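Structural features, examined
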Amino acid sequence: MIAVVGGGIAGLAAAYRLQQQGYEPTVFEASSSVGGLAATYETAGDRIEAFYHHLSATEETIVELAEELGVGDRLEWRWGHDSYYVDGVVHPLNTAWEIAAYPHLSAYDKFRLGMLTLGVDVRGGVPNFDTYDDLEAFEHVPIKEFLLEHTSRGVYEYFFEPLLRAKFGSRKEDVSAAWLLGRIQFRGERDLTKGEKLGYFEGSFGVLLDALVEAVGRENVVTDAPVQDITIGKSVESLRVEQDGTVSEHEVDDVVVTTMPHLLERWTGYECAIDFQGSVCAVVGMDAPVTDTYWLNIADEAPFGALIEHTNFVPPARYGGEHLLYCASYVQSTDDPLWNMSDDEVRDHWLSGIEEMFPDFSREQVEWMKVARNPRTAPIYERGYLEMVVPYDLSVVADGLYYAGMASRAQYPERSLNGGVVAGYEAADQLATARNQSVGPARKSG
Ligand SMILES: Cc1cc2nc3c(=O)[nH]c(=O)nc-3n(C[C@H](O)[C@H](O)[C@H](O)COP(=O)(O)OP(=O)(O)OC[C@H]3O[C@@H](n4cnc5c(N)ncnc54)[C@H](O)[C@@H]3O)c2cc1C
């Protein structure tokens with residue numbers, strides 16, 4: 001048997017890819033539904049992800065997968081509008097003239113920021129077009145030091161620092177310049193008259209997940225089945241899986257683990273030094289909008305890191321006319337006071353924060369609010385990160401052991417659904433290659 005541990009996008013993509021190559025993998029998922037971090041809630045209309053999601057125009061593998069699965073026509077590309085909240089004012093930052101009008105950066109700061117985003121190094125007054133080509137050269141360069149040297153103090157203090165604080169909290173200065181440069185390249189198509197082009201499935205990413213489950217075969221995706229342990233010798237031997245309160249042992253020939261790496265370590269001893277941060281994220285269903293922007297970064301002190309008004313991206317008509325707003329914050333540890341608040345306390349804390357920022361907002365307009373949390377949702381892309389990624393092929397630990405979870409190479413410089421698909425494919429391909437090399441197609445039955 002080939003077992004895939006975890007039914008998020010990476011596990012389902014790995015199972016799909018294996019099946020395309022003639023194997024019959026079984027996916028074991030701990031929770032009652034698939035999707036992992038991309039799982040959805042029901043609304044009065046289409047489903048909505050518990051954690052905000054969209055695709056960047058540079059992400060291709062997931063688009064090809066959607067086409068293959070017959071749901072490519074459900075993928076829509078829309079303009080996502082970004083704004084920055086500074087000193088109580090929302091500044092749209094999409095078009096050239098909006099950026100020109102932004103008062104918190106000087107013309108010189110804007111020039112230095114613009115050159116960095118175009119990948120041009122203008123230090124010393126002579127433009128250099130290939131300084132940033134070799135990202136690995138920046139792996140050990142601290143992000144703050146890099147930004148102060150390659151842009152200006154104004155760009156760091158009034159543009160990047162609040163964004164880094166929202167994204168990495170107290171770990172913001174641990175991040176590498178390579179991450180930032182990779183992230184700039186990763187951000188897809190930006191039109192200086194319209195904003196950034198972003199992808200979203202009509203009906204949510206659940207459409208893609210459903211199509212994957214269908215392709216893999218519902219009978220091959222076992223939910224409510226947390227894996228408890230993996231027995232390994234020279235090769236992987238068996239999985240202990242809990243189902244309906246009893247634990248059973250399943251003999252395995254190969255295992256693809258797609259969970260966070262602390263479970264891989266618990267089960268197999270493989271150590272991964274990557275630190276992860278958690279997320280607290282609420283979806284607020286309302287009868288009126290709060291802003292007219294999709295993505296609102298916040299420079300001022302606020303009880304959340306960002307406000308993402310989904311229905312300024314996808315029309316409210318898709319959700320029975322309701323307006324949907326994400327309120328979200330990363331937490332660096334489970335000691336964080338936010339992490340320890342009850343859902344009702346989070347609701348009160350965050351709605352008070354929105355009221356303070358937007359005097360026209362009233363909690364009367366809130367119809368429902370759901371809070372999701374997960375202690376491990378995003379890696380801290382600290383210096384030397386690439387040396388810490390977990391390889392797809394873990395035969396150094398045991399033959400037949402593979403990894404495609406968030407600590408994979410494909411989830412750098414930003415973890416994403418596309419990265420999950422690529423990681424799942426990579427692990428599946430390496431597994432298939434190893435099988436073909438060792439025993440030939442006779443073992444193909446999975
Ligand atoms: C706040 C937030 C915003 C995001 N925004 C975007 C975005 O805009 N665009 C984008 O592309 N990506 C985004 N992502 C990232 C994206 O959600 C992830 O990269 C992707 O879902 C990871 O998929 P995965 O399969 O690797 O992991 P997961 O989704 O975590 O799946 C792992 C699965 O393993 C299961 N599991 C855990 N333990 C066990 C066990 N013992 N036995 C069996 N199963 C187990 C879990 O239940 C889970 O289903 C965002 C994530 C978050 C949290």
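Described in the following lines is the structure provided in the data block.

Interaxial distance between helix α5 (residues 143–150) and helix α6 (residues 153–168) falls to 9 Å at its minimum, and their mutual angle equals 150°. In the crossing of α5 with α6, the sense of the turn from one axis to the other is right-handed. Listed contacts from α6 to Ile143, Lys144, Leu147 and Leu148 of α5 are Arg153, Tyr156, Phe160 and Leu164. Looking at the contact of α5 with α6 residue by residue, the class counts come to six nonpolar, no polar and two charged.

Attention shifts here to the sheet that holds strand β7 (residues 82–86). Judged by pairing direction, the sheet is mixed, and its seven strands sit side by side in the order β8-β7-β17-β18-β19-β16-β20 without closing on themselves. In this open sheet, the two strands that pair with only one neighbour each are β8 (89–92) and β20 (366–379). Strand-to-strand twist in this sheet, taken as the mean axis angle between neighbours without regard to direction, amounts to 20°. Note that strand β18 (residues 306–309) and strand β19 (residues 323–331) share four bridges and pair antiparallel.

This part takes up the site of the ligand. Of all residues adjacent to the ligand, which total 31 residues, the nearest are Glu29, Leu37, His53, His54 and Leu417. Between the ligand and Ala10, the relevant distance is 3.0 Å, taken from an oxygen atom to a main-chain nitrogen or oxygen of the residue. Alone, the ligand offers 1,000 Å² of accessible surface; in the complex the protein occludes 90% of this. Every element with two or more residues in the shell around the ligand is listed here: α1 (9–20) and α9 (261–268).

Time to look at the sheet that holds strand β14 (residues 246–251). With respect to topology, three strands assemble into an open sheet ordered β12-β13-β14, the strand pairing being antiparallel. Of all strands in the sheet, those with a lone pairing partner are β12 (227–232) and β14, marking the two edges. Going across the sheet, the axis of each strand differs from the next one's by a mean of 20°, ignoring polarity. Looking at chain direction, strand β13 (residues 236–243) and β14 are connected through six bridges and run antiparallel. Pairing of Leu239 across the sheet is with His250, part of β14.

Conventions and cut-offs
Residues numbered from 1 in each chain as written. Predicted model: local features only at pLDDT ≥ 70, side-chain atom pairs only at ≥ 80, totals over all residues. Heavy atoms only, no water. Axes fitted to C-alpha atoms, helices over the stretch in contact; angles between N-to-C directions. Helix = DSSP H or I, 4+ residues; strand = E, 2+ residues; numbered from the N terminus. Left-handed = near helix turned anticlockwise from the far one by under 90°. Contact = heavy atoms within 4.5 Å. Nonpolar A, V, L, I, M, F, W, Y, C, P; charged D, E, K, R; others polar. Pairing = 2+ DSSP bridges. Near = heavy atom within 4 Å. Polar contact = N/O pair within 3.5 Å; in protein donor to acceptor, adjacent residues only side chain to side chain. Areas by Shrake-Rupley, 256 points an atom, 1.4 Å probe, with all protein chains shown as cover.

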